[in-house]
Amino acid sequence: STASVQEQGCAALRNLALNAKNKVQIANAGGIAVILQGMKQHLTIGSIQQQGCGVLGNLAVNESNAFRIAKDGGIPAIL
């Protein structure tokens, strides 16, 4: 299902975002917007929210990514 693909994609990105270079590449490739879009499309699926928050948290360790997450609506999506 679409939800399953979103969950698995976020889980993979969560793991990849543990690496500093990957944090930058994911953000530059539009990953933050895709993650937020998936979280918004699947508001009632806890596993997607959990994986999405996890990957956003890993990405936010990079200051530029943290600003991008906030700018792209990440704070309301997390709340």
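Residues numbered from 1 in each chain as written. Predicted model: local features only at pLDDT ≥ 70, side-chain atom pairs only at ≥ 80, totals over all residues. Heavy atoms only, no water.

1. A closer look at the pattern of salt bridges
Here's step 1: Scanning the entire structure with this criterion turns up one salt bridge.
Here's step 2: Salt-bridge contacts for Asp72 lead to Lys71; the nearest nitrogen and oxygen are separated by 3.4 Å.
Here's step 3: You can call Asp72 partly exposed: its relative accessible area is 27%.
Here's step 4: What makes Lys71 exposed here is its relative accessible area of 67%. (Salt bridge = Lys/Arg side-chain N within 4 Å of Asp/Glu carboxyl O. Buried < 20%, exposed > 50% of the residue type's maximum accessible area, 1.4 Å probe, protein only.)

2. Quick notes on the packing of helix H1 (residues 2-16) against helix H4 (residues 46-59)
Here's step 1: The contact between H1 and H4 brings their axes to 8 Å, and the two run at 25°. Taken together, the axis directions place H1 and H4 in an arrangement best described as roughly parallel. Where H1 crosses over H4, the two elements pack in a sense that is left-handed. Listed contacts from H4 to Ala3, Gln6, Glu7, Cys10, Ala11, Leu13 and Arg14 of H1 are Ser47, Ile48, Gln50, Gln51, Gly52, Gly54, Val55 and Asn58.
Here's step 2: Along the lines of polarity and charge, the residues of the contact of H1 with H4 split into six nonpolar, seven polar and two charged. (Axes fitted to C-alpha atoms, helices over the stretch in contact; angles between N-to-C directions. Helix = DSSP H or I, 4+ residues; strand = E, 2+ residues; numbered from the N terminus. Parallel < 35°, antiparallel > 145°, perpendicular 65-115°, else oblique. Left-handed = near helix turned anticlockwise from the far one by under 90°. Contact = heavy atoms within 4.5 Å. Nonpolar A, V, L, I, M, F, W, Y, C, P; charged D, E, K, R; others polar.)

3. Some remarks on the environment of Ala12
Here's step 1: Of note, Ala12 is situated in helix H1.
Here's step 2: Between the C-alpha atom of Ala12 and that of Gln51, which follows or precedes it by 39 residues, the distance is 9.1 Å.

4. Notes on the environment of Ile69
Here's step 1: Along the polypeptide, Ile69 turns up in helix H5 (residues 63-71).
Here's step 2: Given the relative accessible area of 6%, Ile69 is considered buried.
Here's step 3: When the C-alpha positions of Ile69 and Leu59 are compared, they lie 8.6 Å apart, and in sequence the two are 10 residues distant.
Here's step 4: Setting aside residues up to four positions removed in sequence, Ile69 forms contacts with Ile32, Leu36, Leu56, Leu59, Ala60, Gly74 and Ile75.

Remember, this is a structural readout, not a statement about activity or role.
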